[in-house]
Amino acid sequence: MASDDDFSAEGRCTCGAVRFRMTSRPLFVNCCHCRWCQRETGASFALNAMIEADRVVLLQGAPEVVDTPSNSGKGQKISRCPTCRIALWSNYGGGGGRVRFVRVGTLEDPDRLPPDIHIFTSSKQPWVVLPPGTPAVAEYYNSDEVWPASSIARRKALFG
Ligand SMILES: [Zn+2]
Ligand SMILES: [Zn+2]
């Protein structure tokens, strides 16, 4: 894997009022097949790049934060463009404000961040065929067992 310094990725909402840059690789990319993500996307799964909040830099505009129920019951805060309302990233209850779940589809080149793992495959829509070679779990997972060492170190730096 390339070093963090080599990677940056820009993203935006549909109307272009909000633009941002991820300043390093994400910690991990989850492809979530839970029913909540299916409802929130209106589709079959959500693709979320987890990254430290301070590695997401606003280039233009200011997202509006919308309190939204979540599967865990702890709630999530979805940051949306105040004009077109497209969701750019979420913060979940557990991670507080320190980790953002950037919606990979908002990046200019989303092809650069394929899933590192498929989660909640117990509710995967049956026509979605998962590729061999990418880990997949019925529900959630323990990041200590799955994340690369560099991401675990970053998480420890963040949460102590
Ligand atoms: Zn917009
Ligand atoms: Zn989900």
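Below is a summary of the structure that appears in this document.

Reading the values: rules and limits
Residues numbered from 1 in each chain as written. Chains lettered and ligands numbered in written order. Predicted model: local features only at pLDDT ≥ 70, side-chain atom pairs only at ≥ 80, totals over all residues. Heavy atoms only, no water. Donors = N, O, S within 2.8 Å, 3.2 Å for Na, K, Ca; no water. Tetrahedral: all angles 85-135°; square planar, octahedral: opposite > 155°, others 65-115°. Buried < 20%, exposed > 50% of the residue type's maximum accessible area, 1.4 Å probe, protein only. Pairing = 2+ DSSP bridges. Helix = DSSP H or I, 4+ residues; strand = E, 2+ residues; numbered from the N terminus. Axes fitted to C-alpha atoms, helices over the stretch in contact; angles between N-to-C directions.

## So, the coordination of the zinc ion (ligand 2)
- The coordination sphere of the zinc ion (ligand 2), as far as protein atoms go, consists of Cys 32 (SG), Cys 34 (SG) and Cys 37 (SG), spread over 2.1 to 2.3 Å.
- Counting the intervening residues between successive donors of the zinc ion (ligand 2) yields the motif C-x1-C-x2-C.

## Describing the coordination of the zinc ion (ligand 1)
- Each protein donor to the zinc ion (ligand 1) is listed here as Cys 13 (SG), Cys 15 (SG), Cys 81 (SG) and Cys 84 (SG); together their distances run 2.3 Å.
- Taken together, the 4 donor atoms coordinating the zinc ion (ligand 1) span angles of 104 to 115° at the metal, a pattern that classifies the geometry as tetrahedral.
- The exposure class assigned to Cys 81 is buried, which follows from its relative accessible area of 0%.

## Details of the sheet that holds strand S1 (residues 9-12)
- Strand order across the open sheet formed by 3 strands is S1-S2-S5, with antiparallel pairing between neighbours. The open sheet has two free edges, formed respectively by S1 and strand S5 (56-60), since each of these has just one partner strand. Going across the sheet, the axis of each strand differs from the next one's by a mean of 30°, ignoring polarity.
- When strand S2 (residues 19-22) meets S5, the two strands line up antiparallel, connected through 4 bridges. Bridge pairing in S5 places Arg 19 opposite Gln 60.

In short, shape yes, function no, at least from these values alone.
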